[in-house]
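Here's the letter readout for the chains.
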Amino acid sequence: MSGSIVLALRLATALALYGFLGWALYYLYHEVQRQSQALAGRRTPGISFTVKHGGGGSLYKHFAQPEITLGRDPGCDIPLMDDTVSTRHAELTYHHGQWWLEDLSSTNGTLLNETPITMPTVITSGDEIRCGATRLTVNLAEDVLIEPTQRIGKNENG
């Protein structure tokens, strides 16, 4: 009789452990699904540039990707046909809710609003980036400056 009680207790313990393991895996699965939906909902806000070459020509470019490279290399996102620009001159990256400009150890340096940058620097709409004799004016999409959850609108009371 005591053998059947021990067997029943062992089975109950095994069922409890498997139940707990099943619940933990179920919870982890749903948490991963929730995180993946949250990450999929994020998007990189648009950024536009008005590119003015030293010779006077002007070009408009728009991007919606999180990394943008500037340089003389034709593989760069914004190829700059200027002999004073390095092959991979500078990079713009979107992280922490802001666009950042970084000089990629270029020969002649990168200037932001006529100030040389030595470390990654936050850029805003209207800033001017200068690589060699080429000037780029930055235009950020509105949702870069204000997160969607922080937008101020009319409430239900007016």
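Here the structure is a predicted model, which is why all the values come from computation and not from measurement.

Parameters and conventions
- Residues numbered from 1 in each chain as written.
- Predicted model: local features only at pLDDT ≥ 70, side-chain atom pairs only at ≥ 80, totals over all residues.
- Heavy atoms only, no water.
- Helix = DSSP H or I, 4+ residues; strand = E, 2+ residues; numbered from the N terminus.
- Pairing = 2+ DSSP bridges.
- Core = buried A, V, L, I, M, F, W, Y, C linked by side-chain atoms within 4.5 Å.
- Buried < 20%, exposed > 50% of the residue type's maximum accessible area, 1.4 Å probe, protein only.
- Contact = heavy atoms within 4.5 Å.
- Salt bridge = Lys/Arg side-chain N within 4 Å of Asp/Glu carboxyl O.
- Phe/Tyr/Trp six-rings, centres within 6.5 Å; stacked < 30°, edge-to-face > 60°.

Visitor: Before we go on, may I ask you to explain unusual backbone geometry in this structure?
Guide: Excluding glycine, a negative phi dihedral is what most residues carry, and trans is how most peptide bonds are arranged. The residue His96 is not glycine, and still its phi comes out positive at about 55°. Mapped onto the elements of the fold, His96 is located in the loop between strand E5 (90-95) and strand E6 (98-103).

Visitor: Sorry if this is basic, but what is going on with the sheet that holds strand E10 (residues 128-131) here?
Guide: The strands making up a sheet associate through hydrogen bonds between their backbones, and the pairing can be parallel or antiparallel. A sheet is described by the order of its strands in space; here six strands give the open sequence E2-E1-E11-E10-E7-E8, paired in antiparallel fashion. In the strand order of this sheet, the two ends are held by strand E2 (58-63) and strand E8 (115-116), each with one partner. Here six bridges tie strand E1 (residues 47-52) to strand E11 (residues 134-140), and the two strands are oriented antiparallel to one another. By the bridge assignment for E11, Lys52 is matched with Arg135.

Visitor: What is the right way to read the nonpolar core from this model?
Guide: Buried together is how nonpolar side chains tend to be arranged in soluble globular proteins. Ile47, Phe49, Leu70, Ile78, Leu92 and Ile129 are the most contacted members of the largest nonpolar core, which totals 22 residues. Here Ile47 is in contact with Lys61, His62, Phe63, Ile68, Trp99, Ile123, Val138, Asn139 and Leu140, once residues within four sequence places are set aside.

Visitor: Help me out: how do you make sense of the pattern of salt bridges in this one?
Guide: When the charged atoms of two side chains with opposite charge come close together, those side chains can pair. What the rule picks out here adds up to four salt bridges. For the salt bridge of Glu114 with Arg130, the shortest nitrogen-to-oxygen distance reads 3.7 Å. Within this pair, whereas Glu114 is found in the loop between strand E7 (110-112) and E8, its partner Arg130 is found in strand E10, the two being separated by 16 residues in sequence. The exposure class of Glu114 is partly exposed, given its relative accessible area of 43%.

Visitor: When you look at the pairing of E6 in this model, what are you seeing that I'm missing?
Guide: Side chains on a regular strand alternate between the two faces of the sheet. Taking every second residue as pointing to the same face, the buried face of E6 carries Trp99, Leu101 and Asp103, while none of Gln98, Trp100 and Glu102 on the other face is buried. Sheet topology places E5 next to E6; six bridges connect them, and they run antiparallel. Along E6, the bridge assignment pairs Thr93 with Trp100. Between E5 and E6, which follow one another and run antiparallel, lie two residues, and His96 among them has a positive phi close to 55°. Summarising the sheet, E6 and strand E9 (residues 121-122) pair through two bridges and their orientation is antiparallel. Residue pairing in the sheet places Trp100 in a bridge with Val122 of E9.

Visitor: How do you make sense of the packing of aromatic side chains when you look at a structure like this?
Guide: Two measures describe an aromatic ring pair: the distance that separates the ring centres and the angle between the ring planes. Counted by the stated rule, this structure contains four aromatic pairs. Considering the side-chain rings of Phe20 and Trp23, the 6.0 Å spacing of their centres and the 35° angle between planes classify their relative orientation as tilted. In this pair, Phe20 and Trp23 are both assigned in helix H1 (residues 2-41), three residues apart and thus about one turn of the helix distant. When its relative accessible area of 52% is taken as the criterion, Trp23 is described as exposed. Each member of the aromatic cluster is reached from another via a ring pair, and the members are Phe20, Trp23 and Tyr27.

As far as function goes, none of this settles anything; it's purely spatial.
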